[in-house]
Structure formats: structure tokens, C-alpha cells
Amino acid sequence: MEAGDEIRPAGFTRPRRGVRRLAGSLLFLGVLALVGTVLWAPGGGWAEPVHRLLELTFPVLLLAAAGLYGYELFLRRWLAAELVRIAGPRIVEALLPHQVMEAFLDSIYGRNEANRDVMTGVLGGAGRRPGGGDLTISTHTGVHMELRAVDQELYYLTTAVTYSFRQNVPVDRFIVFATCNALLRDSISSGCQLPLFELWFVPDSTLFRSSVDDMLPSVRLGIEYVDSAGRHHSASASKLRLREVKYQQWADYLSFFREDMGPLPRQNTSDHLGDLRIFECDLSDIAADDHTVQAIERLSVRVSALQRVDDGMCYWQAPYPCYVDQITFAVKELDVEGSGAFEFNLAPFTFRSNTATTRWLRAEDLPELDVRSWLLPGHGVALLWRPSRGGE
């Protein structure tokens, strides 16, 4: 504690400066009126009513000063605490999620357009429907990453992710965004207004179109869903039909094609014809017995992508808030010859980044990653590899 700091008892609240000034002014006027009443002896005429007015006024002024200061010092904090205790949660529940989060972030961070990115990332959506009906939050998430070499230059990265949602996601479509543009990659999670989507990023723009075409047939979805009659079902797709969305409709899927999005100015669709593709599928197409999908309870996504071995890394990122239980890896088949040509390391970028070793390990020694924490969009894990150095 620095010299001069005041030690105040718990529960003490310093009155607001404006209230102190008002109470002080009332006190000053009350004392002045009291002194005038006691010391001034009117001689008749106009002085008599003035003196009488002072007699009536000074008690009111003194009581008002004492009441105002006492309320501010003692009663206001207690009343505020009682209101919060009694009505606070109900008021919050009655508000839209984005109203609560926007007010909170503005009070903590200050007003800033970039707060929208934080709000969307934490909420898992825009939060403009009552009860969080437009939010996507996975409370149990499992991730498996498998690397399988084609030859010494190329390999297939197969990622299988299972999401179990906090509440049923009212959606009947699944969206895939594919891009080779880093700006779009980092903006899609905030700009997407649809609850279920996957994001594919192809770093090499020259291979973008062919790589995406190669990935499309590998997509497999499994869903647990509620049909139009409220009954629960599960289904998996042996072959998924993804329809490409025409660029004239991109604004219906991504808000930054309609308006400015925080610091990101409105984008022109014609500028991204070569670095963005959007696909969608009707989930009712894979539902059993021609059911109509009303909401999704659980979703599993599996997709394979052809990548270069000399990239030296691959990664997975959370598309929306996910409580990730575990991330597992199968990397032995990256080595074509089976001679232990690579050693591996894990680099989580999460709230709890101390969940993995920092040592380079052989494929058979690479551990499972027990995350057991929340990941927000932008969080994830990178798997790194390098030529084996023979135990260095």
C-alpha cells in the first residue's frame, strides 16, 4: 500500500462527486439559512416574511443534504445489490445475448467496433434471437487428426471432429467455406450468420481450385437430429452432395459482403472470385426415411485434404466456441518408408497452452492432447514435424 492510501472498511462506497457537491451545496445553504434565522432580528415590513421563509427553509435544506448524502453513502449500494440479487438474472435472461455482451464489453473495453469480434467469438453467433436461438456452442468436442503419405512430397490430412451442442441448433443446412485468402480465413467466423459451417484454408493459391475439388468427395457427415415431429434420430452419409453457391448469393452467407464489419470494410464479391468458394448441403437429404431436419443435436465431420509434406505443419482451429475434451493424432503413416524419418511436436494455441510437451518426439511417442478447456474461434492446435535428428 502506498503512503496516503485510505483504508476503508469493506462495503464502504465513496459517494459520487456530483452528489457530494449537491449535498454540500444544500448543507451550506441550510447552515446559512439557520445562521440568518438565529442572528437576524427583523424590524417589520418586508423583513418579516423573509425571516419566516428562512425559518421554514433551513430544516428542509439540512434534511435534504443529510438524506442525500446518507442515501449515497449507505443506502444506494444496498438497494443496488438487492435489485441485482432479486431481478438481475431475470433481467439478463430477458435481454438478447448480444445486448448483454455488448453492454458488458463496452463497459470493460470501452466502445470499439472491434468488440464485435470478441462478442461473436464468445457467444458463438450474432446473439440476436431470444434465448440464444442463433448461437452454436459445442459442450463436448473430440478431434482426431490423421496424416497419411501419398509419396515423399504429398500427404493426406484427414480431420474428424465431433460436436455435441449445448442446445439443439435450429438449422437444416451445412455450409463449407473454402479460401486461400488469409484475410477471409480470419474473418469468416465473425462474418458467417449461419450456425453450422466448416472452413477450409488452402495456403497455395495456385492449387486452390484443384485442392478444393479433391476435398469435396471426401466429406462425410454424421448427425443426430430432431425431425419436424420432434422425434430424435441419427444418420450418417456415405456420399454427401455439396452444392456450390453462386457468387451473387455470397452476401446471404457472409455479412462483410453486405456491410462494413468492424475494421473490415465491405468486400466486393468480384474481388474474391479466385480465392473463395462456398458450398452447402441440405441435411434433410441424409436424414433417414425422408425426415425433415428441424434441429441438430450432434454433428460429426470428416474430411481429407491433400497437402505438402515440406510444409512441416498442419493445424485445426475451432469454428465456434467448443469445449474440447481431447485431440488425438495418427502420424506414423506420414513416413513412407517406415524408418522413423520424422519427429513431431505439438503447439496448442489455447487458453491453457501448458497441456503439451515442448520436446520433439518420435511418431510412436506422440501423446494425446488432453485439452479439457474452452476453445474460441482462433484457438486450436498445430502439429509440427521435422526430419529426425537421431535423438538430438
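Please read all numbers here as calculations on a predicted model, not as lab measurements.

**Q** It is not clear to me how the pairing of strand S1 (residues 138–149) should be interpreted in this structure. Could you clarify?
**A** Regular strands show a simple pattern: their side chains alternate between the two faces of the sheet. Bridge count between S1 and strand S11 (residues 322–330): 7 bridges; the pairing is parallel. Residue Ser138 lies in a different strand from S11, and its bridge partner there is Cys322. The sheet contact formed by S1 and strand S2 (residues 154–169) spans 11 bridges and is antiparallel. Paired with Gly142 across the strands is Thr162, a residue of S2. Linkage of S1 to S2, two consecutive antiparallel strands, is achieved through a turn of 4 residues.

**Q** In this structure, what is going on with the sheet that holds S2? I would like to understand it.
**A** To summarise the sheet geometry, strands pair through backbone hydrogen bonds and adopt either a parallel or an antiparallel arrangement. Judged by pairing direction, the sheet is mixed, and its 7 strands sit side by side in the order S6-S5-S9-S2-S1-S11-S14 without closing on themselves. Each edge of the open sheet is held by one strand with a lone partner, namely strand S6 (232–236) and strand S14 (369–375). Between one strand axis and the next, the sheet turns through 15 degrees on average, direction left out of account.

**Q** Where do I start with the pairing of S11 in this structure?
**A** Pairing of S11 with S14, which is carried by 5 bridges, proceeds in the antiparallel orientation. Looking at the pairing, Val324 lines up with Ser373 of S14.

**Q** What's the story with the UniProt feature "transmembrane region" (unreviewed entry) in the protein chain in this structure? I'm lost.
**A** Cross-referencing UniProt, the feature "transmembrane region" (unreviewed entry) maps to residues 22–41 and 53–71 in the present numbering. A helix fraction of 90% and a strand fraction of 0% characterise residues 22–41, whose end C-alpha atoms lie 30 Å from each other. Strand forms 0% of residues 53–71 and helix 100%; the C-alpha atoms that close the span are 27 Å apart.

**Q** Before we go on, may I ask you to explain the packing of aromatic side chains in this structure?
**A** For any pair of aromatic rings, geometry is given as the distance between the ring centres together with the angle between the planes. Inspection of the entire model under this criterion finds 10 aromatic pairs. Between Phe177 and Phe197, the ring centres sit 5.8 Å apart and the planes meet at 70 degrees, which makes this aromatic pair edge-to-face. One end of the pair, Phe177, is in strand S3 (residues 173–179); the other, Phe197, is in strand S4 (residues 197–201), and 20 residues separate them in sequence. By relative accessible area, Phe177 is classed as buried at 0%. We classify Phe197 as buried; its relative accessible area is 3%. Aromatic pair Phe197 and Tyr320: ring centres 5.7 Å apart, planes at 90 degrees, arrangement edge-to-face. In this pair, Phe197 sits in strand S4 while Tyr320 sits in the loop between strand S10 (313–317) and S11, placing the two residues 123 residues apart along the sequence. Assigned by exposure class, Phe197 and Tyr320 land together as buried. Ring pairing ties together the aromatic residues Tyr163, Phe165, Phe177, Phe197 and Tyr320, which thus form one cluster.

**Q** Would you mind showing me how to read the sheet that holds strand S8 (residues 276–282) here?
**A** Pairing in this open sheet of 4 strands is mixed, and the strands run S4-S3-S8-S7 from one edge to the other. Because the sheet does not close on itself, it has two edges, and the strands there are S4 and strand S7 (243–244).

**Q** Any chance you could explain the nonpolar core here in plain terms?
**A** Most often, soluble globular proteins keep nonpolar side chains buried together rather than apart. Membership of the largest hydrophobic core comes to 80 residues, with the highest contact counts inside it found for Leu254, Ile296, Leu299, Trp316, Phe329, Leu383 and Trp385. Apart from the residues within four sequence positions on either side, Leu383 is in contact with Leu147, Gly312, Met313, Cys314, Phe329, Val331, Phe344, Asn345, Leu346 and Leu366. Met101, Leu105, Met119 and Leu123 belong to the second largest nonpolar core, which has 5 residues in total.

**Q** Looking at this structure, how should I read the environment of Ser300?
**A** By the element assignment, Ser300 lies in strand S9 (residues 293–308). What makes Ser300 partly exposed here is its relative accessible area of 27%. Considering only alpha carbons, one finds Ser300 and Arg220, 80 residues apart in sequence, at a separation of 8.0 Å. Contacts of Ser300, omitting those with residues within four sequence positions, involve Val161, Thr162, Arg220, Leu221 and Gly222.

**Q** Can you walk me through the state of the cysteines in this structure?
**A** In a disulfide, the sulfur atoms of two cysteines are held together by a covalent bond. Per the stated rule, a full pass over the model turns up 0 disulfides. Looking at the unpaired Cys281, the closest cysteine sulfur is the one in Cys192, lying at 14 Å. Between Cys314, a cysteine without a disulfide, and Cys322, which holds the nearest cysteine sulfur, the sulfur-to-sulfur distance is 18 Å.

Reading the values: the criteria
Residues numbered from 1 in each chain as written. Predicted model: local features only at pLDDT ≥ 70, side-chain atom pairs only at ≥ 80, totals over all residues. Heavy atoms only, no water. Pairing = 2+ DSSP bridges. Helix = DSSP H or I, 4+ residues; strand = E, 2+ residues; numbered from the N terminus. Axes fitted to C-alpha atoms, helices over the stretch in contact; angles between N-to-C directions. UniProt positions renumbered as here; feature names shortened; annotations may be inferred. Phe/Tyr/Trp six-rings, centres within 6.5 Å; stacked < 30°, edge-to-face > 60°. Buried < 20%, exposed > 50% of the residue type's maximum accessible area, 1.4 Å probe, protein only. Core = buried A, V, L, I, M, F, W, Y, C linked by side-chain atoms within 4.5 Å. Contact = heavy atoms within 4.5 Å. Disulfide = S-S within 2.5 Å.

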